[in-house]
Structure formats: C-alpha cells, structure tokens
Amino acid sequence: MPDALTFCKFLFGYRKEAAMHESIEIGPCRLILGDCLTVMPTLEPVDHVITDPPYEDSMHVAKKGSRWIRTDGHKEMAALDFSSIADIRVPATREMARLSKGWLLVFCTPEGVAAWRDEIEAAGARYKRAGVWVKPDAAPQFNGQGPAMGVEMIVAAWCGPGHSRWNGGGKRGVWTCCTRLRSREGTHPTEKPAPLMAELVGDFTQEGEIILDPFMGSGTTGVAAVKNGRRFIGIERDPRYFEVARRRIEKALSEDMLVTWKQDSMLVSPAVAGRAAR
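Predicted, not measured: the structure shown is a model, and the values here were computed from it.

1. Side note on the overall build of the chain
Thought 1: Counting its regular elements, the chain contains 9 helices and 9 strands.
Thought 2: With 278 residues in all, the chain has 43% of them scored as buried.
Thought 3: The contacts of the chain with a sequence gap of at least 6 include a subset with a gap of at least 24, amounting to 73%.
Thought 4: About 15000 Å² of surface is accessible on the chain, with carbon and sulfur atoms providing 56% of the total.

What follows is the structure, encoded as structure tokens:
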C-alpha cells in the first residue's frame, strides 16, 4: 500500500500528464496527443479497438540498427525509435478491453501472440484467433542463416456481450498485402499499408461505428476509417507522428468530400442544375 506522499506524487503526475493532452476534432475524428495509458481511462466505450502497438522485445533487438533500402525513389523505412510493448502490455490491454464493445485487433509478432492472448483473457475479453498478415515483399534473411520473417500476426478478441459478429462470413484469417507500396507515407517505421487497414475495417466493423487506435502512429487506421464511413479516435504520444496523422486524415477527409460532391453533382440533371443556379 503506497503512503500518502507517494500517492499524492502519482496523482499530481497523472493530472499534469492529463493537462498536457492536446485534442483536436477533424470531421468525424478526434485525435489526441498524449500517452494512451493516461488518456484511455478518460474515454467512454467505443465500438472497436484496432491498433498496432510497439513490437515485442525480441523484434526490437532484431531490428536495432537495421536499414531497408528502397529502389523506387520513395522513403526508406526508418529504424525503430520507441520502446517495446513489454512494460505497458498489461495496463494497455485492460483499458482496451474495457473500452471496446466489440472487436479488439492487435498487430504483433508470432512470438507475441501468447502474451497478448493471456493478457486479453485476464482482462475479461475472449481471445478468438490470431490472423496472419502475409507480406509478399518482406525483406529476406540477409545473413542466410535461416528463413526470413514474412508475416505479422493480428490477434483478434471479442470484448462485447453475446456471440462475436463480423462481415467476413467463413473467410479465413489471412490477409495478403505488400509493405512497400507507392502510397506509403514513410515517416513511421512500422506504418501499415492503407489497403490492409481498409480491408480489416471492412471485415470487422460497420459504417458509422467508432474505432479507437490508442497507438495511432502516422494515422493509417484513421485514414481507413474515414474513407469507409467510420468514426475514429486516435491517440499518439509522439508530436511528429501526431502531426503526420493529422495531415493524412485531413487529406483523406477532403478527398472523400470531393468524391461525394462529384457523385451528388452527377445525380442532378443539367436542367435542374441550371434552374438552381438562377
């Protein structure tokens, strides 16, 4: 049991951290600059949580000092500049399971599936399965001492009441998408492909629902959400990535509004449009 002084220091620190949060509204999105461990306790439940948290310790060690070289003129993948998930997995999982009324999807390495499953079940959610993201263009094992890593896992858990529901029917939990797409923004070292995130949003969520990403990074989940008619809450602690996410989501919304305007305009006959103009 902490003494009164320790508790007061914790409470002051928590309030100071909370006061530093910056929150902005962009259309159907709310973006929060801050630490997800202090932000999530202040949020109300959402429909689903879809997130790509930091990797496990083993992957951080393996990627330390590594570098990918691109030959297509686009941005190279940067080195990891954040800590592993190990120290925050327990509190983060508890909050994500509390907040989600439906699905919780978490990207991780194959080595991390068991740890995520255990914490998800300890938090009261139901672990369903680990899906697979296959990367056809994954980097080879350059030292030739064994097979290269060609996949990431997507841990799927149901946090809501009753039976789990999704849009995939009998579809297998395998998603195939290249990593080095021309559409890649490139600032964040573990940015997920936009087509992959759009497919996951379509498979697991419904139009109009709220998706939370507590490890927002450069905002690909948010882009997929707004382009598919979902609402979005994103949390990111790094101001650099927060700004990239803001720009990308604003751009996605503006493009979507332009497409909608063009579609609506095509539904109005020239005669009606001429009368409206007069």
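2. Examining the pairing of strand 2 (residues 29-33)
Thought 1: Taking burial as the measure, the 5 residues of strand 2 include 4 buried ones, the bulk of the element.
Thought 2: Strand direction decides the pairing type here: strand 1 (residues 22-26) and strand 2, joined by 5 bridges, are antiparallel. Paired with Ile 26 across the strands is Cys 29, a residue of strand 2.
Thought 3: Between the antiparallel neighbours strand 1 and strand 2 lie 2 residues, among them Gly 27 with a positive phi of about 55°.
Thought 4: Sheet analysis places strand 2 next to strand 9 (residues 231-236), joined by 5 bridges and oriented parallel.

3. Some words on helix 5 (residues 113-122)
Counting along an α-helix, one turn takes 3.6 residues, and residues three or four places apart therefore face a common direction.
Thought 1: What helix 5 keeps buried is the set Val 113, Trp 116 and Ile 120. Down the axis of helix 5, the buried set is contained in an arc of 65°. They therefore lie on one face.
Thought 2: The inward-facing, buried residues of helix 5 abut helix 4 (89-99), strand 4 (103-108), strand 5 (126-134) and strand 6 (151-158).
Thought 3: Of the residues trailing helix 5, Gly 124 is marked for its positive phi of about 95°.

4. A closer look at the packing of aromatic side chains
Thought 1: Applying the stated rule across the entire model yields 5 aromatic pairs.
Thought 2: An aromatic cluster is defined as three or more aromatic residues linked by ring pairs; in this entry it consists of Trp 103, Trp 158, Trp 166, Trp 175 and Phe 204.
Thought 3: Its end group placed over the ring of Trp 116, Arg 89 keeps NZ or CZ at 5.0 Å from the ring centre.
Thought 4: The ring of Tyr 241 carries Arg 240 above its face, with NZ or CZ at 5.0 Å from the centroid.

5. As for the pairing of strand 6
Thought 1: Taken across its 8 residues, strand 6 has 7 buried, putting it largely inside the fold.
Thought 2: The pairing of strand 4 with strand 6 spans 6 bridges and is classified as antiparallel. Counterpart to Val 106 in the pairing with strand 6 is Val 155.
Thought 3: Here 8 bridges tie strand 5 to strand 6, and the two strands are oriented antiparallel to one another. Within the sheet, the bridge partner assigned to Val 132 lies in strand 6 and is Met 153.

The rules behind these values
Residues numbered from 1 in each chain as written. Predicted model: local features only at pLDDT ≥ 70, side-chain atom pairs only at ≥ 80, totals over all residues. Heavy atoms only, no water. Helix = DSSP H or I, 4+ residues; strand = E, 2+ residues; numbered from the N terminus. Buried < 20%, exposed > 50% of the residue type's maximum accessible area, 1.4 Å probe, protein only. Contact = heavy atoms within 4.5 Å. Areas by Shrake-Rupley, 256 points an atom, 1.4 Å probe, with all protein chains shown as cover. Pairing = 2+ DSSP bridges. Arc of directions from axis to C-beta. Phe/Tyr/Trp six-rings, centres within 6.5 Å; stacked < 30°, edge-to-face > 60°. Lys NZ or Arg CZ within 6 Å of the ring centre and 35° of its normal.

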